[in-house]
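Single-letter residue listing:
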Amino acid sequence: MNRLAPLSEEPINEENTHHNKNKRSNSLKKLVSGGNQSWSVWFKNQFPLIFNKKSDLKILLSVLGCPLSPLSSNTKQSQLNNVATRAQYIIQHFVAATGCKKTEGNVKSVYAIGNVKMVMAEENGGLNGGSSSGSSKNGSSGVPQQGCFVVWQMVPDKWLIELVVSGHKITAGSDGNVAWRHTPWLGSHAAKGGVRPLRRALQGLDPVAIAAVFSAAQFMGEKKIEDEDCFALKLSADQTVLTDRSDSTAEIIKHIMVGYFSQRSGLLVYLEDSHLTRIQSLGSQPTYWETTMGSSIKDYRMVDDGVMIAHSGHSTVSLTRFGNNVKVGPLVKRMEETWTIDDIVYNVPGLSMDCFIPPEEVRNESLARMNDLKSSLH
């Protein structure tokens with residue numbers, strides 16, 4: 001599930017649409033089951049629909065809803081005490097600025113609720129999606145889609161998000177072993193390439209995850225973002241990780257992420273990433289898809305436990321298709337999202353492992369993969 005599907009989906013089924021408009025968001029309820037479809041089939045079937053205006057909302061939800069970090073957060077919290085590189089020094093400054101060190105051993109779970117507004121932007125000019133300028137031009141042309149989301153997290157590597165926008169709901173989660181996503185038009189499916197943090201958590205919502213992920217980053221120098229002098233730290237998924245997330249139809253060529261940390265405050269103020277996929281079905285020419293996303297992170301406020309959390313932000317995205325078989329030249333979709341955090345609660349009463357159990361289809365899929373692996377070893 002590379003970045004949780006940065007592409008469009010097929011037209012919305014009217015019956016599913018009506019059903020979801022009358023369904024309240026509650027992630028502790030049993031998730032709705034749906035069809036199971038492999039990523040290769042999904043990629044193959046969705047390309048002709050990517051520039052269908054009727055699919056705009058699905059594109060927004062697929063790209064902006066719940067993408068993942070390029071890398072897992074395997075760094076142990078204790079390792080953050082070792083300042084061996086300039087990148088780790090910058091992360092130590094971030095840890096001190098956010099005060100997230102004090103949550104170590106004390107916070108077992110987190111709940112957050114917020115609002116989002118998504119919109120499709122002009123396709124020609126108007127929006128510099130994914131650039132590190134930290135700003136976008138006023139190129140929005142579509143109808144804004146309003147929504148809300150809830151996120152539950154439990155240490156370690158367990159998270160669940162539900163996002164409802166204009167009556168359409170998507171759910172994604174991780175039980176610490178497998179990450180997955182559910183949509184009413186695609187059903188439930190597991191991610192390839194292992195468990196990774198939710199990108200939305202890295203947008204200033206989870207300082208511990210940010211520190212853990214970026215402590216292994218490469219220092220890239222200094223850059224000014226919105227008149228703020230920043231240090232740039234870069235994460236790159238290596239070839240082994242990319243191979244694990246690829247299959248015979250979709251090859252992940254690169255996935256990089258750059259975080260910009262203020263030299264003045266030490267806080268993460270901008271996050272950008274680029275994801276390139278090569279698609280080729282049997283007997284056809286390859287097509288390339290690149291998603292670039294830039295997120296401006298703002299409004300850091302102290303929550304009850306004394307930790308600084310970003311409470312708002314803005315993302316701009318450019319989704320580009322190119323290749324020899326795209327005769328009219330590169331085709332681009334551009335979109336924007338604005339989000340706010342309304343409330344954050346630590347150590348949620350009653351939250352347990354049972355809240356993070358994947359849907360039955362995902363559990364069956366994971367079991368089948370394990371059986372296949374055992375058979376191949378024998």
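Refer to the structure presented above.
Bear in mind the structure is a predicted one, so any value in this text is a computation, not a measurement.

Participant: Just checking my understanding: could you explain the overall build of the chain for this structure?
Facilitator: Across its full length, the chain holds 8 helices and 13 strands. Relative to its full complement of 378 residues, the chain shows a buried share of 56%. Pairs at least 24 apart in sequence give 70% of the contacts found in the chain among residues at least 6 apart.

Participant: How should the nonpolar core be read in this particular structure?
Facilitator: If you look at soluble globular proteins, the nonpolar side chains tend to sit buried side by side. Ranked by internal contacts, the top residues of the largest apolar core, which has 72 residues, are Phe214, Phe261, Met335 and Ile344. The biggest single contributor to this core is helix 3 (residues 56–64), with 6 residues. The residues touching Ile344, leaving out its near neighbours within four places in the chain, are Val110, Tyr111, Ala112, Leu205, Val303, Ile309 and His311. In terms of nonpolar packing, the next biggest core, distinct from the first, is built from 13 residues, Val150, Leu351, Phe356 and Val362 among them.

Participant: Got a minute to help me understand the pattern of salt bridges in this structure?
Facilitator: Any two side chains of opposite charge can pair, so long as their charged atoms come close to each other. Applying the stated criterion across every chain yields a total of 10 salt bridges. Of the charged contacts, one joins Lys101 and Glu104 as a salt bridge, the two residues approaching to 3.0 Å between their closest N and O atoms. Under the relative-accessibility criterion, Lys101 is labelled partly exposed at 31%. The closest approach of N and O atoms between Arg264 and Glu228, which form a salt bridge, is 3.2 Å. Of this pair, Arg264 sits in the loop between strand 9 (250–262) and strand 10 (268–279) while Glu228 sits in strand 8 (residues 228–236), and the two are 36 residues apart along the sequence.

Participant: Quick question: what am I supposed to make of helix 4 (residues 86–98) here?
Facilitator: In an α-helix, one turn spans 3.6 residues; hence positions three or four apart end up facing the same way. For helix 4, with 13 residues, the first-to-last C-alpha span of 19 Å sits near the 18 Å given by 1.5 Å per residue. Ala87, Ile90, Ile91, Phe94, Val95 and Thr98 are the residues of helix 4 that are buried. Across the axial projection of helix 4, the buried residues extend over an arc of 145°, all falling on one side. Within helix 4, the exposed residues directed more than 90 degrees away from the buried face are Tyr89 and Ala96. Against the buried residues of helix 4 lie helix 6 (207–214), strand 7 (218–225), strand 8, strand 9, strand 10 and strand 12 (308–322). Backbone geometry just downstream of helix 4 places Gly99 in the positive-phi region, at approximately 75°.

Participant: Explain the pairing of strand 11 (residues 287–302) here, please?
Facilitator: Walk down a regular strand and you will see the side chains alternate between the two sheet faces. Examined bridge by bridge, strand 10 and strand 11 share 10 bridges and lie antiparallel to one another. Counted as the bridge partner of His275 is Thr291 from strand 11. Bridge count for strand 11 against strand 12 is 14 bridges, and the pairing is antiparallel. Each bridged residue has a counterpart across the sheet, and for Thr291 the counterpart in strand 12 is Leu319. Counted along the chain from strand 11 to the antiparallel partner strand 12, the turn is 5 residues long, and its residue Gly306 has a positive phi close to 85°.

Participant: Would you explain helix 6 in this entry?
Facilitator: The buried fraction of helix 6 amounts to 7 of the 8 residues, a majority that puts the element mostly inside the structure. Those residues of helix 6 that fall on the buried side of the exposure criterion are Pro207, Ala209, Ile210, Ala211, Ala212, Val213 and Phe214. Buried-residue contacts for helix 6 involve helix 4, helix 5 (199–202), strand 8, strand 9, strand 10 and strand 12.

Participant: Which parts of the structure should I look at to understand the packing of helix 4 against helix 6?
Facilitator: When two helices pack together, their arrangement is given by the angle between the helix axes and by the axis-to-axis distance. Contact geometry of helix 4 with helix 6 gives a least axis separation of 10 Å together with a crossing angle of 175°. By the angle between their axes, helix 4 is roughly antiparallel relative to helix 6. The segment helix 4 lies against helix 6, with Ile91, Phe94, Val95 and Thr98 engaging Pro207, Ile210, Ala211 and Phe214. Counted by class, the contact of helix 4 with helix 6 contains 7 nonpolar, 1 polar and no charged residues.

What counts and what doesn't
Residues numbered from 1 in each chain as written. Predicted model: local features only at pLDDT ≥ 70, side-chain atom pairs only at ≥ 80, totals over all residues. Heavy atoms only, no water. Helix = DSSP H or I, 4+ residues; strand = E, 2+ residues; numbered from the N terminus. Buried < 20%, exposed > 50% of the residue type's maximum accessible area, 1.4 Å probe, protein only. Contact = heavy atoms within 4.5 Å. Core = buried A, V, L, I, M, F, W, Y, C linked by side-chain atoms within 4.5 Å. Salt bridge = Lys/Arg side-chain N within 4 Å of Asp/Glu carboxyl O. Expected span 1.5 Å × (residues − 1). Arc of directions from axis to C-beta. Pairing = 2+ DSSP bridges. Axes fitted to C-alpha atoms, helices over the stretch in contact; angles between N-to-C directions. Parallel < 35°, antiparallel > 145°, perpendicular 65-115°, else oblique. Nonpolar A, V, L, I, M, F, W, Y, C, P; charged D, E, K, R; others polar.

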